[in-house]
Amino acid sequence: EPEFNLFPNPSNGNFTVGIEGEFAIEMYALDGKLVYANSQQITPQISLSGTIPTGTYFVVITQQNKVYNHKLVVR
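The structure contained in this document is the topic of the report that follows. A quick note: this is a predicted structure, and the numbers were derived from the prediction, not measured.

Quick notes on the nonpolar core
Ranked by size, the top nonpolar core spans 19 residues in total, and within it Phe-4, Phe-15, Val-17, Ile-25, Met-27 and Ile-61 carry the most contacts. A total of four residues in this core trace back to one element, the largest contributor, which is strand β3 (residues 23–29). Excluding anything up to four places from it in sequence, Phe-15 contacts Leu-6, Phe-7, Pro-8, Met-27, Pro-44, Gln-45, Ile-46, Leu-48 and Leu-72.

Structure follows, in structure tokens:
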């Protein structure tokens, strides 16, 4: 089962998703609020610097009907 990485982690809001191919991505704050979603993501680079506050987030990747989760710290 493939996994993905987020780097750098912690980041300043700009990060790369270490997974190949097309995937959907959602990012949630600790309180469960959706802060980012892209259902047609084909590039692994995400730029949210300055658009989200510092804190801990949960990143959810969906690829080929499989769901993967990873924690991301934004500083």
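Looking at the sheet that holds strand β4 (residues 34–41)
Taken in spatial order, the four strands of this open sheet run β4-β3-β6-β7, and their pairing is antiparallel. Here the strands that pair on one side only, and so sit at the sheet edges, are β4 and β7 (66–74). Strand-to-strand twist of the sheet, defined as the mean angle between neighbouring strand axes without regard to direction, takes the value 15 degrees. Strand direction decides the pairing type here: β3 and β4, joined by five bridges, are antiparallel. Bridging across to β4, Ile-25 finds its partner in Asn-38.

Some details on unusual backbone geometry
In this model, Phe-7 is joined to Pro-8 through a cis peptide bond whose omega is -5 degrees. Residue Pro-10 follows Asn-9 across a cis peptide bond; omega there is 15 degrees. Along the polypeptide, Pro-10 turns up in the loop between β1 (5–7) and β2 (14–18). Not every positive phi belongs to a glycine, and Gln-64 is a case in point at roughly 50 degrees. Mapped onto the fold, Gln-64 is located in the loop between β6 (55–63) and β7. Here the phi dihedral of Asn-65 falls at roughly 65 degrees; this positive angle occurs in a residue that is not glycine. With respect to the secondary-structure elements, Asn-65 resides in the loop between β6 and β7. Residue Asn-65 is classed as exposed on the basis of its relative accessible area of 79%.

Description of the sheet that holds strand β5 (residues 45–47)
Backbone-to-backbone hydrogen bonds pair the strands of a sheet. The strands run either parallel or antiparallel. With respect to topology, three strands assemble into an open sheet ordered β1-β2-β5, the strand pairing being antiparallel. Here the strands that pair on one side only, and so sit at the sheet edges, are β1 and β5. Strand-to-strand twist in this sheet, taken as the mean axis angle between neighbours without regard to direction, amounts to 25 degrees. Two elements, β2 and β5, share three bridges in a ladder whose sense is antiparallel. Directly across from Asn-14, in β5, lies its bridge partner Ser-47.

The rules we used
- Residues numbered from 1 in each chain as written.
- Predicted model: local features only at pLDDT ≥ 70, side-chain atom pairs only at ≥ 80, totals over all residues.
- Heavy atoms only, no water.
- Core = buried A, V, L, I, M, F, W, Y, C linked by side-chain atoms within 4.5 Å.
- Buried < 20%, exposed > 50% of the residue type's maximum accessible area, 1.4 Å probe, protein only.
- Helix = DSSP H or I, 4+ residues; strand = E, 2+ residues; numbered from the N terminus.
- Contact = heavy atoms within 4.5 Å.
- Pairing = 2+ DSSP bridges.
- Axes fitted to C-alpha atoms, helices over the stretch in contact; angles between N-to-C directions.

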